Amino acid sequence: MRGLTIHDCGGGARLGLADLAEPTPDDGDLLVDGIAVGVCGTDRSLLARGLRGAAPGDRLVLGHESLGRVRRARPGSRFAPGDLVTGLVRRPDPHPCANCAAGDLDICLNGDFTERGIKGCDGYAAERYVLAERYAVAVSPQLGLAGVLVEPASIVAKAWERVDGAVRRQPGRALVLGAGPIGLLAALLGTQRGYEVHVVDQVSGGPKVRQVRALGAVYHRGTDDLGTGVGGAGFDAVIECTGELVAAAIAATAPGGALCLVAGGHGGAVPVVELASFSRGLTGGNRVITGVSSSGRGHFEAAHAALLHADGEWLRGLLTTVVPLDGYAETFDSGSDTIKSVILLNGDPGRKATSTS
């Protein structure tokens, strides 16, 4: 069988298809036929910068945004052949911290975890793979190929969980910085909560703008008008999804509001902040700033529920580049009109491979 692998080559990495050994499930494992994997900034960063704790042999099977179909399950499993699943990403180290031992893998304290397709553990970009049942999350057939969005949506589900716990004035006005897949999914969850959602990006038109407006949200090209063009009152909830607009995000957070920094900024410089002024802004305005990285089972389940309540056509509109496994290279060369790139692992699951990037 084949899989998409990345090899360290000193200061960077080499990407290619490889013949892989057939997986051999243990008791408690599911044997899964891969349907698709999503490609995101984390994957592109690995290609540009090299691996973070490779699997044995300085080679890693990529893919952490997964959608698969169960081929074989143990007797008595809660899964059956034909069920759709996605897999949690993070795994605890052999001597887990207190959080990992309690099942909260996304808030590991010692950093010695592994992550499928990212750090020290082969990912899901293979025609078949093994998935321990305790790390599997059921996906409704209603989502179809959009089930590959559960993992990225789980990150923003965690971000909104943090914001929900901090903002008393709900729903209010929400700002999302970035109109990539994470930003658009954050906007989706904001509109589902009843917020008046504003989204910032740099493009002047195309699928990103259409997706924002299809949600009933307001699109802004750049941050210049955030202080005046939308009332100047600030935003009750701010979710920063670029890694590069932190200063603008802080400035846009209203008194009593909350800002969540979402993992995924893979480049760009964050401006220096004067700490005394920053501290006064937090304490004097009762503002909250938090951040998220990775996600747990509860976030996957919340994301799955949010996607099921979304318009199916809108979700499909996020999948702007869908290619077969042989065409993987296209997904690592994204343009300004690209939202989510997806690699099909075992043929066409009901839609033709397309590209609008």
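This structure is a prediction, so every number in the text was calculated from the model and none was measured.

**Q** Sorry if this is basic, but what is going on with the sheet that holds strand S2 (residues 13-19) here?
**A** Strand pairing in a sheet takes place through backbone hydrogen bonds and is either antiparallel or parallel in direction. Spatial ordering of the open sheet is given by S2-S1-S4, a layout of three strands whose pairing is antiparallel. Strands with a single pairing partner mark the edges of an open sheet, and in this sheet they are S2 and strand S4 (59-61). Averaged over neighbouring strand pairs, the angle between their axes works out to 35° when direction is ignored. As defined by bridge partners, strand S1 (residues 2-8) adjoins S2 across seven bridges and the pair is classed as antiparallel. The residue bridging Thr5 from the neighbouring strand is Gly16, located in S2. Sheet strands touched by helix H1 (residues 41-49): S1 and S2. Its angle to S2, the strand with the most contacts, is close to 110°.

**Q** It is not clear to me how the sheet that holds strand S7 (residues 90-91) should be interpreted in this structure. Could you clarify?
**A** Sheet architecture is open: three strands sit in the order S7-S8-S9, paired in mixed fashion. Two strands in the sheet have a free side with no partner beyond their single neighbour: S7 and strand S9 (120-121). Where strand S8 (residues 114-116) and S9 come together, two bridges link them in parallel fashion. If you follow Arg116 over to S9, its bridge partner there is Cys121.

**Q** How should I be thinking about the pairing of strand S3 (residues 29-39) in this particular structure?
**A** Residues in a regular strand project their side chains so that they alternate between the two faces of the sheet. Of all 11 residues in S3, 11 are buried, a share of seventy percent or more. Pairing of S3 with strand S10 (residues 128-132) involves five bridges; the strand directions are antiparallel. Bridge pairing links Leu31 to Val130 in S10. With seven bridges joining them, S3 and strand S5 (residues 65-72) adopt antiparallel strand pairing. Bridged to Val37 within S5 is Ser66. Where S3 lies against strand S19 (residues 341-344), four bridges are found, and the strand directions are antiparallel. Looking across to S19, one finds that Gly38 is bridged to Val342.

**Q** Sorry, what's going on with the packing of helix H3 (residues 150-166) against helix H4 (residues 181-192) here?
**A** Packed helices, taken two at a time, are described by the angle their axes make and the gap between the axes. One way to put it is that H3 packs onto H4 with a least axis distance of 9 Å and a crossing angle of 50°. In terms of their interaxial angle, H3 and H4 are classed as oblique. The interaxial crossing formed by H3 with H4 has right-handed handedness. Contacts between H3 and H4 involve Pro152, Ala153, Ile155, Val156, Ala157 and Trp160 from the former and Ile182, Leu185, Ala186, Leu189 and Gly190 from the latter. The class makeup of the residues in the contact of H3 with H4 is 10 nonpolar, one polar and no charged.

**Q** Please explain the environment of Gly312 as it appears in this structure.
**A** Mapping Gly312 onto the fold places it in helix H9 (residues 312-318). For the pair Gly312 and Pro92, spaced 220 residues apart in sequence, the C-alpha separation works out to 35 Å.

**Q** How should the pattern of salt bridges be read in this particular structure?
**A** Any two side chains of opposite charge can pair, given that their charged atoms come close. Applying the stated criterion to the full structure yields 15 salt bridges. As a salt-bridge pair, Asp33 and Arg71 come within 3.1 Å of each other at their nearest N and O atoms. Highlighted residues: Asp33 in strand S3 and Arg71 in strand S5, separated in sequence by 38 residues. Assessed through its relative accessible area of 19%, Asp33 is described here as buried.

**Q** For this particular structure, what's the right way to read unusual backbone geometry?
**A** The phi torsion of most residues other than glycine is negative, and most of the peptide bonds are trans. With an omega of -15°, the peptide bond between Gln170 and Pro171 qualifies as cis. By the element assignment, Pro171 lies in the loop between H3 and strand S12 (173-177). Unusually for a residue other than glycine, Asn286 sits at a positive phi of about 50°. Within the secondary structure, Asn286 sits in the loop between helix H7 (275-285) and strand S17 (288-292). Even without a glycine there, the phi angle at Ser294 is positive, about 65°. Assignment of secondary structure puts Ser294 in the loop between S17 and helix H8 (297-308).

**Q** Please clarify how the packing of aromatic side chains should be interpreted in this entry.
**A** Two descriptors summarise a pair of aromatic rings, namely the distance from one centre to the other and the angle between the planes of the rings. Tallied over the full model, the rule gives two aromatic pairs. On the basis of an interplanar angle of 45° and a centroid distance of 5.1 Å, the ring pair of Trp160 and Tyr195 is categorised as tilted. Residue Trp160 is found in helix H3, and its partner Tyr195 is found in the loop between H4 and strand S13 (196-201); the two are separated by 35 residues along the sequence. Both residues of the pair, Trp160 and Tyr195, belong to the buried class. In this structure, Lys119 packs its charged tip against the face of Phe113, placed 4.3 Å from the ring centre.

Cut-offs applied
What you see as residue numbers is a count from 1 along each chain, following the sequence as written. Under the rules for a predicted model, residues below a pLDDT of 70 receive no local features and side-chain atom pairs below 80 are neither given nor counted, while totals for whole chains, interfaces and linings still include all residues. Excluding hydrogens and water, the side-chain values take into account all heavy atoms of the structure. Strands were regarded as paired on the criterion that DSSP finds at least two bridges between them. Secondary structure elements follow DSSP: runs of H or I of four or more residues count as helices, runs of E of two or more count as strands, with numbering from the N terminus. Lines fitted to C-alpha atoms define the axes, with helix axes restricted to the stretch in contact, and inter-axis angles between N-to-C directions lie between 0 and 180 degrees. Residue contacts are counted whenever heavy atoms from the two residues lie within 4.5 Å of one another. Note on classification: 1.4 Å probe, protein chains only; a residue is buried when its accessible area is under 20% of the maximum for its type, exposed when over 50%, partly exposed between these limits. Any angle from 65 to 115 degrees is called roughly perpendicular, while one under 35 is roughly parallel, one over 145 is roughly antiparallel, and all others are oblique. Handedness of a crossing is defined here by the sense of rotation of the near helix relative to the far one, left-handed for an anticlockwise turn of less than a right angle and right-handed for a clockwise turn. Residues are sorted three ways: Asp, Glu, Lys and Arg are charged, Ala, Val, Leu, Ile, Met, Phe, Trp, Tyr, Cys and Pro are nonpolar, and all the rest, Gly among them, are polar. Any Lys or Arg side-chain nitrogen found within 4 Å of a carboxyl oxygen on Asp or Glu counts as a salt bridge. Classification of ring pairs rests on two measures: the distance between centres of Phe, Tyr or Trp rings, Trp counted by its six-membered ring, which must be within 6.5 Å, and the angle between planes, read as stacked under 30 degrees, edge-to-face over 60 and tilted in between. We call a charge positioned above a ring when the Lys NZ or Arg CZ atom is no farther than 6 Å from the ring centre and deviates by at most 35 degrees from the ring normal.

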